[in-house]
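Tertiary structure, described
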Amino acid sequence: MKYDVVVIGSGFGGLACAHLLSRSGRKVLVLEAHWQPGGCLQSYQRKGHIFDTGLHYIGGLREGEALHNIFHQLGLLRLPWHQLDTDGADRITIDGETFCLAQGFDHFVEILSSQFSNQRDALKCYVDMLQGPDPDPSVNAWQWLNKNFSNPLLIDVLSGSCLKTELRRDSLPLLAFAHSQKSYIQSSWRLKGDSSLIVRTLVDDIRHMGGEVICRAEVKELIEEDGKIVAALCSNDERYEGTLFISDIHPTQTFDLIKESKVVKNIFRTRLSMLENTYGMYTYSLVLKPQSLPYFNHNKFVYKGGTVWDENTNKVMLSCRVPEDGSEYATLLDLLTPCDTNPMDLAETVVPGLSEMVSEQYVSTPHTWQHFTHTPNGSAYGIRKDCRQPLLTMLSPRTPISNLLLTGQNVMLHGLEGVAMTAQQTTNIILNSK
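Scoring rules and cut-offs
Residues numbered from 1 in each chain as written. Predicted model: local features only at pLDDT ≥ 70, side-chain atom pairs only at ≥ 80, totals over all residues. Heavy atoms only, no water. Helix = DSSP H or I, 4+ residues; strand = E, 2+ residues; numbered from the N terminus. Rg over C-alpha atoms; globule rule 2.2 N^0.38 Å. Buried < 20%, exposed > 50% of the residue type's maximum accessible area, 1.4 Å probe, protein only. Contact = heavy atoms within 4.5 Å. Areas by Shrake-Rupley, 256 points an atom, 1.4 Å probe, with all protein chains shown as cover. Lys, Arg positive; Asp, Glu negative; His and termini not counted. Charge placed at Lys NZ, Arg CZ, Asp CG, Glu CD. Salt bridge = Lys/Arg side-chain N within 4 Å of Asp/Glu carboxyl O. Pairing = 2+ DSSP bridges. Polar contact = N/O pair within 3.5 Å; in protein donor to acceptor, adjacent residues only side chain to side chain. Phe/Tyr/Trp six-rings, centres within 6.5 Å; stacked < 30°, edge-to-face > 60°. Lys NZ or Arg CZ within 6 Å of the ring centre and 35° of its normal. Axes fitted to C-alpha atoms, helices over the stretch in contact; angles between N-to-C directions. Parallel < 35°, antiparallel > 145°, perpendicular 65-115°, else oblique. Left-handed = near helix turned anticlockwise from the far one by under 90°. Nonpolar A, V, L, I, M, F, W, Y, C, P; charged D, E, K, R; others polar. Expected span 1.5 Å × (residues − 1). Arc of directions from axis to C-beta.

Some words on the overall build of the chain
- Counting its regular elements, the chain contains 16 helices and 19 strands.
- Since a compact globule built from 434 residues should have a radius of gyration of about 22 Å, the 22 Å found for the chain is in line with a globular shape.
- Summarising its shape, the C-alpha atoms of the chain cover approximately 65 × 50 × 40 Å along the three principal directions.
- Evaluated residue by residue, the chain yields a buried proportion of 58% over its 434 residues.
- Pairs at least 24 apart in sequence give 69% of the contacts found in the chain among residues at least 6 apart.
- Total accessible area on the chain stands at roughly 18400 Å², and carbon and sulfur atoms take up 47% of it.
- In the chain, the 39 positive side-chain charges and the 48 negative ones have mean positions that sit 4 Å from each other.

Some remarks on the pattern of salt bridges
- Summed over the entire model, instances satisfying the criterion amount to 14 salt bridges.
- Note that E65 and R62 form a salt bridge whose closest N and O atoms lie 3.1 Å from each other.
- Residue classification places E65 among the buried residues on the basis of a relative accessible area of 14%.
- Its relative accessible area of 37% is what places R62 among the partly exposed residues.
- Residue R321 is joined to E324 by a salt bridge in which the shortest nitrogen-to-oxygen separation is 3.7 Å.
- Of the residues examined, R321 reaches a relative accessible area of 13% and is grouped as buried.
- Exposure remark for E324: the relative accessible area of 53% places this residue in the exposed category.

Quick notes on the pairing of strand β13 (residues 239-247)
- In terms of strand pairing, strand β1 (residues 2-8) meets β13 through 6 bridges, oriented parallel. Of the residues in β13, the one forming a bridge with V5 is L244.
- Note that strand β12 (residues 228-234) and β13 share 3 bridges and pair antiparallel. Looking across to β13, one finds that L233 is bridged to R239.
- Hairpin geometry of β12 and β13 is characterised by an intervening segment of 4 residues between the two adjacent antiparallel strands and by a positive phi of about 65° at D237.
- By the bridge criterion, 3 bridges tie β13 to strand β19 (residues 404-406) in an arrangement that is parallel. Its bridge partner lying in β19, I246 is registered against L405.

A few points about helix α6 (residues 152-159)
- Counting buried residues in α6 gives 6 out of 8 residues, a clear majority hidden from the surface.
- Listing the buried residues of α6 in full gives L154, I155, D156, V157, L158 and S159.
- Measuring from the backbone nitrogen of L153 back to the side-chain oxygen at the start of α6 gives 2.9 Å, which picks out N151 as the cap.

Quick look at the packing of aromatic side chains
- Applying the stated criterion across every chain yields a total of 13 aromatic pairs.
- Summarising the aromatic geometry, the rings of F108 and Y126 are spaced 6.2 Å apart at their centres and angled 25° between planes, so their arrangement reads as stacked. Taken together, the positions of F108 in helix α3 (residues 105-113) and Y126 in helix α4 (residues 120-131) put the pair 18 residues apart, joining distant regions of the chain.
- Overall, Y126 belongs to the buried group, its relative accessible area being 0%.
- An aromatic cluster of three or more residues is present, and its members are F108, Y126, W144 and F149.
- Its guanidinium or amino end placed over the ring of W142, R169 lies 4.7 Å from that ring's centre, counting from NZ or CZ.
- Taking NZ or CZ as reference, K300 lies 4.6 Å from the ring centre of F296, over its face.

Quick look at the environment of L335
- Tracing the chain through its elements places L335 in strand β17 (residues 332-337).
- Accessibility expressed as a relative area gives 0% for L335, which makes it buried.
- As for L335 and S285, which are separated by 50 residues in sequence, their C-alpha atoms are 6.5 Å apart.

Comments concerning the packing of helix α1 (residues 12-23) against helix α16 (residues 415-431)
- At their nearest, the axes of α1 and α16 sit 9 Å apart, and the two run at 40° to each other. In terms of axis orientation, α1 runs oblique to α16. Crossing of α1 against α16: the hand is right-handed. On the side of α1, the interface is formed by F12, G13, A16, C17, L20 and L21, while α16 contributes L416, V419, A420, A423, Q424, T426, T427, I430 and L431.
- Looking at the contact of α1 with α16 residue by residue, the class counts come to 11 nonpolar, 4 polar and no charged.

What about the side chain of T426?
- Among the secondary structure elements, T426 is positioned in helix α16.
- Side-chain polar atoms of T426 contact the backbone oxygen of L406, separated by 2.9 Å.

Re α4
- Counted at 1.5 Å a residue, the expected span for α4 with its 12 residues is 16 Å, and the 17 Å between its end C-alpha atoms agrees.
- Within α4, burial applies to A122, L123, Y126, V127, M129 and L130. Buried residues along α4 cover an arc of 150° about the axis, so they all sit on one side. Opposite its buried face, α4 presents the exposed residues D121 and D128, each directed more than 90 degrees away.
- Next to the buried residues of α4 lie α3, α5 (141-148), α6, α7 (174-179) and α8 (182-186).

So, in C-alpha cells, the structure goes:
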C-alpha cells in the first residue's frame, strides 16, 4: 500500500501532524521505533504506579489562549485538565525567599509589584512584550531583560520557571524565552492522570479516521528516487511507500537515513551536524508514603548559591501529580534538575522532611532519554536556538527534498506550545499545496 503521508516518529509533533492530516482525509501512517508511541509524552509503570517522562504542566488552554485552538482540533480539550493556583502557579524560591508567578497578565504584574514596587512599569512593559508580536529571533533575552529591568533579583524571578528551557546569556533568543513564559502566564494546567492519556487520545483518533500507527518499526533508511523520498525501510523488514514524508526525529538523524541523494548536499549535512543540542534532564520520580505530603497545586522552583542564569547554580523543580482519587495528599512527586547531583537536600528547603516521606524512588538521566527516545545526548529541548545565528538554528519545516518535511521541537521552538505551532505549520504546507 502507498500512503499519502508517512510520519517518522510518534512524539507529540508527529502525532499532531498525523491527526490533522487524517482529519483532512489523507491516508496517514506513523512509524515508531519504540514499543509504545508518545516520545517525550511516554509514561512508564513501576509496581502499579504510572510515571510521566516529559510532561508536567502546560499553559494557555482557555479560549483565545495559545493552545486552545490546536488542542480543540486535536480533541485534547476533553481530557481532565486541572488548573493550578491562579495566585502562583509557579513559585520561585531563590536563596530561601519565595516569589509567586500568577496567572493572568494583569494579576501577574500586581502580585510581583507587591514585592518589587519600583519595577511596576518594567513589569507592564514585560507583559506587553509577551502579548505583542513575536520578538525578532536575533534579539538576546538576557540583554533585553537587563535593559528593561534594573533589579537583578527580579530578572532571576522572571526567569525562575525556566527549567522548561535552557538559559544561556550569550545565545538564548528573546523569542524562545517569551514562548516559554507567555502561555503559562495566560493559564497553567496539569493533567489529572498521566501523559499517556494524550498519546492514547491522539492514536485512537488517528486510527478511527483511517490512519495507522505501527510500533517497533524503526526506520533504517529513506529511499530517494529522482530527487524525492519514495519509501521507508524499517527494522521489521517492511517497506512503506508514500507520497509525502514527515520526520519527527532529530534533523541530523533524519538525513543520516538518506544514504544516497542527488538533492542533499554535503555542506547541508555538515551544517546540521555542527548544530549544538540543549542539555538533558535528571528526573527523580518519588512515590510518597500515604498521607505524608499534602498536595500542592503549584510548581516549586528552587535555586541556591548563584543566579538563575548560571549553569552551576544548584536548582530543582518540584511537580506533584494531581490526586486522581480526590485525596488531599500527594502520591507521586517529581524532582527535575539539569544537575547530575541528587537534588533532595535542595528540595527539602521547601518541603522539610521530604526524604522521610519517600517509599520508592526511580531515576531517569539524559542517557535514559537517549535510549528510549533516540534523542542525541538525551537533549531535553532539542537543537539549541541561538540569537546570533537564528537562520541556522531555527529551522524551517521544509527541506532540500520537496516531499520531505520536518516537525518537532528541533525545528522552530521547543515545548508543547512550540511543537504544536510547528506541527500546524508543517501540516499547512501540505494542506495548502496544490
